[in-house]
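So the chains spell out like this:
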Amino acid sequence: MADSVKLLKTLTDINGISGYEYNVKAKMREYLEPVSDEIVEDNLGGIFGKKNAKNGSKTILIAGHLDEIGFMVTRIDEDGYIKFTPIGGWWNQVMLSQKVTVTTDDGKELRGIIGSKPPHVLTPEERKSPVDMKGMFIDLGVGSKEAVEKLGVEIGNMVTPYSEFEELGDSNYLTAKAFDNRFGCALSVDVLNKLKNDELGINLVSGATVQEEVGLRGAKVAANKIKPDLSIAVDVGIAYDTPGMKGQDHETKLGEGPLVLLMDGTNIGHVGFRKFIKNVAKDKGIDVQWDNITGGGTDAGSIHVANEGTPTISIGVPLRYMHSNVSILHKEDYLNAVKLVAEIVKALNDDTVKDIMW
């Protein structure tokens, strides 16, 4: 458990928005190489460890994604304030007064704050509406454009949320930036580590794609390269256990087990694979939460239509405060998600894959 928490902390601390995943990929390589027979990479930046089947010809892909949401520097004004554009989905109301990190091309990390007009000077009409993202800026604490440029900041630099990884009041509750989706990256490593001494009946390719947050782009490339027979997209889901969320048609909660999506906005979970997973969870005594998300999607949306079609389902954990500077997941949900995916892989072979396919 301690190693898994350290893994989650290390991966969430790294900065890497869509298109800028190189540092996350480098760390993933360090983790994947010792527990893999070989490393599989695609030309966009996806990276996976492969464990070859002892007996069996089929392949399962376990895919997290390396990228997190953030911003890109688009302009530096004469007074040294930075304008930016979002990379991935942001709700402007969670952005104001948050700390961010601007990363220069040579890797220097600079702390900044997202600012806007203070409430004291807003008109009554302005107070009624959320601040438009176009009215926000990043303050690096310098006084001119020249000072910003002297720090090495340029148009096109990556901007990421800043938040420290911490255990909360109940140490099972973990907070960090980028659990979406360094959770999936960590799980892909932990599954390989958990199965490193097992003889598998299926080839296991486990790792992470790129550019999920801007349209599931890396998953298309990875699936076309790996050509899996089955796939699990590993991503976070929504927790409905906070004020304003309870009492809706969804009941997913932190601490009550891994989350399996029946469907989302991009994929209907393959029915045969879903039934197989349900039986594995029951047989191994793993509590599972089932949900559907009508808006948004996961890498399953691209993977399941790749090549000639791939039976695909999404597995994850409930997450609070998704797509903000901070998020919260439950440690036991993570550990049981690792256990569930590992047990699914162990139960697969040429015959069971054929049965899943109908």
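Going by the structure above, here's the rest.
Rules used in this analysis
- Residues numbered from 1 in each chain as written.
- Predicted model: local features only at pLDDT ≥ 70, side-chain atom pairs only at ≥ 80, totals over all residues.
- Heavy atoms only, no water.
- Helix = DSSP H or I, 4+ residues; strand = E, 2+ residues; numbered from the N terminus.
- Rg over C-alpha atoms; globule rule 2.2 N^0.38 Å.
- Buried < 20%, exposed > 50% of the residue type's maximum accessible area, 1.4 Å probe, protein only.
- Contact = heavy atoms within 4.5 Å.
- Areas by Shrake-Rupley, 256 points an atom, 1.4 Å probe, with all protein chains shown as cover.
- Lys, Arg positive; Asp, Glu negative; His and termini not counted.
- Charge placed at Lys NZ, Arg CZ, Asp CG, Glu CD.
- Pairing = 2+ DSSP bridges.
- Axes fitted to C-alpha atoms, helices over the stretch in contact; angles between N-to-C directions.
- Phe/Tyr/Trp six-rings, centres within 6.5 Å; stacked < 30°, edge-to-face > 60°.

### A closer look at the overall build of the protein chain
Step number 1: Across its full length, the protein chain holds 10 helices and 19 strands.
Step number 2: On C-alpha atoms alone, the protein chain measures out to a radius of gyration of 21 Å, which is about the 21 Å that the 2.2 N^0.38 rule sets for 358 residues.
Step number 3: With the C-alpha coordinates aligned to their principal axes, the bounding extent of the protein chain is approximately 65 × 45 × 40 Å.
Step number 4: The proportion of buried residues among the 358 residues of the protein chain is 54%.
Step number 5: Long-range contacts, defined as pairs at least 24 residues apart, comprise 76% of the intrachain contacts of the protein chain with a sequence gap of at least 6.
Step number 6: Accessible area for the protein chain stands at about 16000 Å²; split by element, carbon and sulfur atoms hold 47% of it.
Step number 7: Separation between the mean location of the 40 positive side-chain charges and that of the 52 negative ones in the protein chain comes to 1 Å.

### Topic: the sheet that holds strand β12 (residues 203–209)
Step number 1: What the 8 strands build is an open sheet, ordered β1-β2-β12-β3-β13-β17-β15-β16; its pairing is mixed. Edge positions in the open sheet fall to β1 (38–41) and β16 (289–292), since each of these has one partner strand only. When strand polarity is set aside, the average angle formed by the axes of neighbouring strands in this sheet is 25 degrees.
Step number 2: The strands touched by helix α6 (residues 217–226) are β1, β2 (47–51), β3 (59–65) and β12; relative to β12, the strand with the most contacts, the crossing angle is about 160 degrees.

### Observations regarding the environment of F84
Step number 1: Along the chain, F84 falls in strand β5 (residues 82–87).
Step number 2: For F84, a relative accessible area of 10% puts it in the buried group.
Step number 3: When the C-alpha atoms of F84 and V326 are compared, they prove to be 20 Å apart, with 242 residues separating the residues in sequence.
Step number 4: Setting aside its immediate chain neighbours within four residues, F84 contacts F71, M72, T74, M95, I114, M133, M136, F137 and I138.

### What about the packing of aromatic side chains?
Step number 1: The full count for this structure, using the stated rule, is 5 aromatic pairs.
Step number 2: Relative to W90, the ring of F71 lies with its centre 4.7 Å away and its plane at 20 degrees, an arrangement referred to as stacked. Remark: W90 occurs in the loop between β5 and β6 (99–103) and F71 occurs in strand β4 (residues 70–76); sequence separation between them is 19 residues.
Step number 3: We classify F71 as buried; its relative accessible area is 1%.
Step number 4: Counting every residue linked through ring pairs, the aromatic cluster contains F71, F84 and W90.

### Thoughts on the sheet that holds strand β19 (residues 327–330)
Step number 1: Across the sheet, which stays open at both edges, the 3 strands sit in the order β10-β11-β19 with antiparallel pairing between neighbours. The sheet terminates laterally at β10 (166–167) and β19, the two strands that pair on one side only.
Step number 2: In this sheet, β19 lies alongside strand β11 (residues 173–176) in antiparallel orientation, the contact comprising 4 bridges. Its bridge partner being in β19, A176 is matched across the sheet by S327.
Step number 3: Sitting on the sheet, helix α9 (residues 331–346) is in contact with β10, β11 and β19, with an inclination near 60 degrees to β19.

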